[in-house]
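# Observations on the three-dimensional arrangement
Here's the letter readout for the chains.
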Amino acid sequence: MKLQTMKNFNISLTVQAENEEQLHEKLQAFQDLQDHLEHDDFIASTAIIVEHPDIVDFIKEVIPEEGEELTMTDYIKIAKKAFERFA
């Protein structure tokens, strides 16, 4: 299996933001996704969010508080809720 080397590309990008802080947050979120997701997962995640923007609100509803861990029961409830909302 041959490893491909990544290349850097310079781009021009326009981002809507209320202020510089919000711009920095958006760019940092993009960088975090790029750093933590493989290419195919990054593209698939973006496609899902674009096609179903209401999934973001769902994630906000079910995401645990910082430091809180989900139990198996929590996972089952989230799956049921997702099925009811998106199936």
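The text that follows walks through the structure, step by step, so that each part is easy to find. (Residues numbered from 1 in each chain as written. Predicted model: local features only at pLDDT ≥ 70, side-chain atom pairs only at ≥ 80, totals over all residues. Heavy atoms only, no water.)

## A few points about the overall build of the protein chain
The helix and strand tally for the protein chain stands at 4 helices and 0 strands. Along the chain direction, N to C, the helices and strands of the protein chain fall in the order α-α-α-α. For a compact globule of 87 residues, the expected C-alpha radius of gyration is about 12 Å, and the protein chain comes in at 17 Å, more than 25% above that figure. Oriented by its inertia axes, the alpha-carbon framework of the protein chain measures out at about 45 × 45 × 30 Å. In the protein chain, which comprises 87 residues, the share counted as buried stands at 3%. Carbon and sulfur atoms make up 56% of the accessible area of the protein chain, which totals about 8700 Å². For the protein chain, the distance from the average site of its 8 positive side-chain charges to the average site of its 19 negative ones is 6 Å. (Helix = DSSP H or I, 4+ residues; strand = E, 2+ residues; numbered from the N terminus. Rg over C-alpha atoms; globule rule 2.2 N^0.38 Å. Buried < 20%, exposed > 50% of the residue type's maximum accessible area, 1.4 Å probe, protein only. Areas by Shrake-Rupley, 256 points an atom, 1.4 Å probe, with all protein chains shown as cover. Lys, Arg positive; Asp, Glu negative; His and termini not counted. Charge placed at Lys NZ, Arg CZ, Asp CG, Glu CD.)

## Considerations on the packing of aromatic side chains
The description of an aromatic ring pair rests on the distance of the ring centres and on the angle between the ring planes. This structure, assessed with the given rule, holds 2 aromatic pairs. Taking the centre distance of 5.7 Å and the plane angle of 80° together, the rings of Phe 30 and Phe 42 count as edge-to-face. Of this pair, Phe 30 sits in helix 1 (residues 20-36) while Phe 42 sits in helix 2 (residues 39-51), and the two are 12 residues apart along the sequence. Classification of Phe 30 by relative accessible area gives partly exposed; the value is 43%. When its relative accessible area of 16% is taken as the criterion, Phe 42 is described as buried. For the pair Phe 58 and Phe 86, a centre-to-centre distance of 5.4 Å together with 90° between the ring planes defines the contact as edge-to-face. Residue Phe 58 is found in helix 3 (residues 54-62), and its partner Phe 86 is found in helix 4 (residues 72-86); the two are separated by 28 residues along the sequence. In this structure Phe 58 comes out as buried when scored by relative accessible area, which is 6%. With a relative accessible area of 32%, Phe 86 lands in the partly exposed category. (Phe/Tyr/Trp six-rings, centres within 6.5 Å; stacked < 30°, edge-to-face > 60°.)

## What to know about the pattern of salt bridges
Under the criterion given, the structure shown has 3 salt bridges. Among the salt bridges present, the one from Glu 61 reaches Lys 81, with a minimum N-O distance of 3.2 Å. Note that Glu 61 is positioned in helix 3 and Lys 81 in helix 4, a separation of 20 residues in sequence. Residue classification places Glu 61 among the partly exposed positions, given a relative accessible area of 42%. Lys 81 gets classed as partly exposed once you look at its relative accessible area, which sits at 32%. (Salt bridge = Lys/Arg side-chain N within 4 Å of Asp/Glu carboxyl O.)

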